[in-house]
Amino acid sequence: MAHRSVHVLATMVVLLVAPVNVFGDQTAATPTHIPWTASRVTGSPEPPAPYQTQRAFPNLTFKSPLDIAFAPGDDRVYVVEQGGKMFSFKDDPAVAAPDLFLDTSKIQNLDKIPDCKSVDSTYALAFHPQFATNRYCYVCYILGYKTPARNHVKGSRISRFTVKAINPPQVAYASEEVVLEWLSGGHNGCCLKFGLDGYLYISTGDAGDPNPPDPFDSGQDISDLLCSILRLDVDHPANGKPYGIPPDNPFLKTPNARAEVFAYGLRNPWRMSFDRQTGLLWVGDVGWELWESVFCCKPGTNCGWSVMEGPNPVHPNGKRGPMPITPPAVTLSHAESASITGGVVYHGSKLTELRGQYIFGDWQTRHLWAAKCNGDKLEPYREIAMTDQRIVSFGEQPDGELLIADHQGGGLWRIVPNDAVDQTQTFPHKLSETGLFTSTKDQTPQSGVYSFSINAPQWLDGATAERWAAIPGTQSVIWGKGVWNDDKPAWPKDSVLARTISLESRAGDAASRKRIETQLLHFDGKQWQAYSYAWNDQQTDAQLMPAQGDKKMLAIEDPS
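From a predicted model like this one, the values you see are computed outputs, not experimental measurements.

Draft legend 1. Structural view of the overall build of the chain. The helix and strand tally for the chain stands at two helices and 39 strands. Within the chain, residue pairs in contact and separated by at least 24 positions form 60% of the contacts whose partners lie at least 6 positions apart. When the accessible surface of the chain is split by element, carbon and sulfur atoms take 50% of a total near 24600 Å². Positive and negative side-chain charges of the chain, numbering 50 and 61 respectively, have mean locations separated by a distance of 3 Å.

Draft legend 2. Region of the structure containing the confidence of the model for the chain. Looking at the chain, pLDDT values average 90 and 90% of them are 70 or higher. With pLDDT under 50 throughout, residues 1-20 is counted as low confidence; its partners more than four residues away or in other chains account for 69 contacts. Counting contacts from residues 25-29, a segment whose pLDDT is below 50, to residues more than four positions away or on other chains yields seven contacts.

Draft legend 3. Fine view of the pattern of salt bridges. Overall, the coordinates contain 14 salt bridges when judged by the stated rule. Lys 298 serves as the salt-bridge partner of Asp 376, at 2.5 Å between the closest nitrogen and oxygen. Placement of the pair is Asp 376 in the loop between β25 (367-374) and β26 (377-378) and Lys 298 in the loop between β19 (291-297) and β20 (308-309), with a sequence separation of 78 residues. Note on Asp 376: relative accessible area 27%, which makes it partly exposed. One network of salt bridges, in which partners are shared, links Arg 157, Glu 176 and Glu 181.

Draft legend 4. Just unusual backbone geometry, in detail. Look at the link from Gly 189 to Cys 190: it is a cis peptide, with omega at -15°. Checked against the element boundaries, Cys 190 lands in the loop between β12 (171-184) and β13 (192-194). Cis geometry marks the peptide bond from Trp 305 to Ser 306, where omega comes out at 0°. Unlike most non-glycine residues, Asn 256 shows phi in positive territory, near 65°. Relative to the helices and strands, Asn 256 resides in the loop between β15 (228-232) and β16 (261-264). Of the residues examined, Asn 256 reaches a relative accessible area of 71% and is grouped as exposed. Positive phi, close to 55°, is recorded for Asp 461, a residue that is not glycine. On the secondary structure map, Asp 461 appears in the loop between β33 (449-454) and β34 (464-470).

Draft legend 5. Expanded view of the packing of aromatic side chains. Counted according to the given criterion, the structure contains 22 aromatic pairs. Members of the aromatic cluster, connected to one another through ring pairs, are Trp 282, Tyr 358, Phe 360, Trp 369 and Tyr 381. The ring centre of Trp 270 lies 4.2 Å from the NZ or CZ of Arg 271, which sits over that ring. The aromatic ring of Trp 535 is capped on one face by Arg 515, whose charged end is 5.2 Å from the ring centroid.

Draft legend 6. Region of the structure containing the environment of Glu 396. Inspection of the secondary structure assignment puts Glu 396 in strand β28 (residues 391-396). Expressed as a C-alpha distance, the spacing of Glu 396 and Asp 248, which sit 148 residues apart in the sequence, is 28 Å.

Draft legend 7. Structural context of the nonpolar core. Core analysis: the biggest nonpolar cluster contains 64 residues, and Leu 180, Leu 192 and Ile 202 have the highest contact counts within it. For this core, the leading source of residues is β12, giving four residues. Residues contacting Leu 180, with those up to four places away along its chain left out, are Ser 156, Arg 157, Ile 158, Ile 202, Leu 225, Leu 230, Leu 232 and Tyr 243. Counting residues in hydrophobic clusters, the runner-up holds 24 residues, among them Ala 69, Val 119, Tyr 145 and Tyr 173.

Draft legend 8. Quick look at the side chain of Asn 312. Mapping Asn 312 onto the fold places it in strand β21 (residues 312-313). Excluding residues within four positions of it along the chain, Asn 312 makes contact with Leu 290, Trp 291 and Val 307.

Draft legend 9. Broad picture of the sheet that holds strand β4 (residues 51-55). Taking strand neighbours across the sheet as the criterion, the four strands line up as β4-β30-β29-β28 in an open arrangement whose pairing is antiparallel. Because the sheet does not close on itself, it has two edges, and the strands there are β4 and β28. For this sheet, the mean angle separating the axes of adjacent strands, direction not counted, is 40°. With two bridges joining them, strand β29 (residues 402-406) and strand β30 (residues 412-417) adopt antiparallel strand pairing. If you follow Ile 404 over to β30, its bridge partner there is Trp 413.

Draft legend 10. A look at the environment of Glu 379. Locating Glu 379 in the fold gives a position in the loop between β26 and β27 (382-386). Contacts of Glu 379, omitting those with residues within four sequence positions, involve Ala 371, Lys 372 and Asn 374.

Draft legend 11. Summary view of the sheet that holds strand β17 (residues 269-274). On the basis of which strands lie adjacent, the open sheet formed by four strands has the order β17-β18-β19-β22 and antiparallel pairing. In this open sheet, the two edge strands, each paired with only one partner strand, are β17 and β22 (330-333). Strand-to-strand twist of the sheet, defined as the mean angle between neighbouring strand axes without regard to direction, takes the value 15°. Inspection of the sheet shows strand β18 (residues 281-285) paired to β19 by five bridges, in the antiparallel sense. Note that in β19 the partner of Leu 281 across the bridge is Cys 297.

Draft legend 12. Just the environment of Arg 55, in detail. Mapped onto the elements of the fold, Arg 55 is located in strand β4. As a C-alpha pair, Arg 55 and Leu 196 span 141 residues in sequence and 30 Å in three-dimensional space. Residues in contact with Arg 55, not counting those within four places in the same chain, are Leu 60, Thr 61, Gly 411, Leu 412 and Trp 413. Among the polar contacts listed, one links the side chain of Arg 55 to the backbone oxygen of Leu 60, at a separation of 2.7 Å.

What counts and what doesn't
- Residues numbered from 1 in each chain as written.
- Predicted model: local features only at pLDDT ≥ 70, side-chain atom pairs only at ≥ 80, totals over all residues.
- Heavy atoms only, no water.
- Helix = DSSP H or I, 4+ residues; strand = E, 2+ residues; numbered from the N terminus.
- Contact = heavy atoms within 4.5 Å.
- Areas by Shrake-Rupley, 256 points an atom, 1.4 Å probe, with all protein chains shown as cover.
- Lys, Arg positive; Asp, Glu negative; His and termini not counted.
- Charge placed at Lys NZ, Arg CZ, Asp CG, Glu CD.
- pLDDT = per-residue confidence, 0-100.
- Salt bridge = Lys/Arg side-chain N within 4 Å of Asp/Glu carboxyl O.
- Buried < 20%, exposed > 50% of the residue type's maximum accessible area, 1.4 Å probe, protein only.
- Phe/Tyr/Trp six-rings, centres within 6.5 Å; stacked < 30°, edge-to-face > 60°.
- Lys NZ or Arg CZ within 6 Å of the ring centre and 35° of its normal.
- Core = buried A, V, L, I, M, F, W, Y, C linked by side-chain atoms within 4.5 Å.
- Pairing = 2+ DSSP bridges.
- Axes fitted to C-alpha atoms, helices over the stretch in contact; angles between N-to-C directions.
- Polar contact = N/O pair within 3.5 Å; in protein donor to acceptor, adjacent residues only side chain to side chain.

As structure tokens, then:
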């Protein structure tokens, strides 16, 4: 097991029975456990990442922001909240409050839609390239219905609004023109971007939940609008629709195909962007069980879902679309990424080392990566920051600098150089250096380190496990709270949970038990970090494994 950042405390934290009350009320006047004072588990064995995030507009906090947009010829920042409101504000760090731009509760004529009760959520905002003269913006929102159902035939909607020429700007609700509707569901997409060609690009998902994968079998089906990047000419309506089909769309003349489809085979494309210099379209696609992916989508690109999930076969014998599958430009395993957020090719001036690199992140692990662009390829990516933010969207400002929306905390953030101190030399590289045990060989815990058991332990394929909890200081764990709490962490900084995994003979003879590894979860005050210490053959100590992990053949003799 390699050491890496984790965000779920696995089974060693849930359903545990503690012999002492380390779980209590942090406001208690008297500590309810003996503090662990021998700890040396602090800092990190990894050098600090080259960058960190910094709050951009400290006075502004939004409720579950999902998107950041900019209007041509306008000096304001626009933010989309998931709950249905959009705001704008001057690009000034000292700005005190945002101005309401759109409130979906004021959208008209929803009562004329059968069974519709309101707007359920808003996903994206884009401004027409000629906004300065036509005042058009485009909005993606999802309809809510009175009758509970996972899917609604026209539940996902793109509408055009005219923006009033007032200060601060506001939409004219009566100006709404519905541009496009399609099936809503668990994976809706949706991102809106205008390409350098002036056409509107729309991302759509498979409208399903994780299981079963691709429930409508739409991944390779171009006869519907799901699992695709759509490309519309919104300036030239045709054939009774409020948009036209660009003459070079790849499936314009394909029988039974939706001519709007530009690329397909995407599961839940979460955020896309155009490289402002090359015009290439980069798309982050949220994976299923094993892989997160980034694609460079060109006309007719088949990204593989649900025949493939990145390099992993899902329905290898399923019917395929008309184009061969294009491998992702980048794949990240679920060991380091779990819900990718597509990013932006950086062309700003403040982070010179990142110029020409595709910067992207992850909602779940909260990491940021960068990969140098080489035409329509990406060179090997590298981690550039470990953040505290639920990275849900990137915004590219007119000057090329980036903003990041934090879905959980509600703030907007920038990437800046990291000033953290390198603590790799002081972090314990041997289990005996952690301060967890008075005798590492005998696994005798230090004062303040408590063993505990699990009511429903994880199946370990014949292995056994011993577990300990160590809470420094006099604070207790806030039981019932999540790991991340807006007010304060549920766990005190530098808390450690440890598990030693051992193998023994088939006869179950304890004397034949051989310790394999001791796994540590360390709460650094912001996130839980996972480390693995591999035991030596002498069974006297264990060595910290590198981030990439290690492999070792194990053989336990059967005395029978």
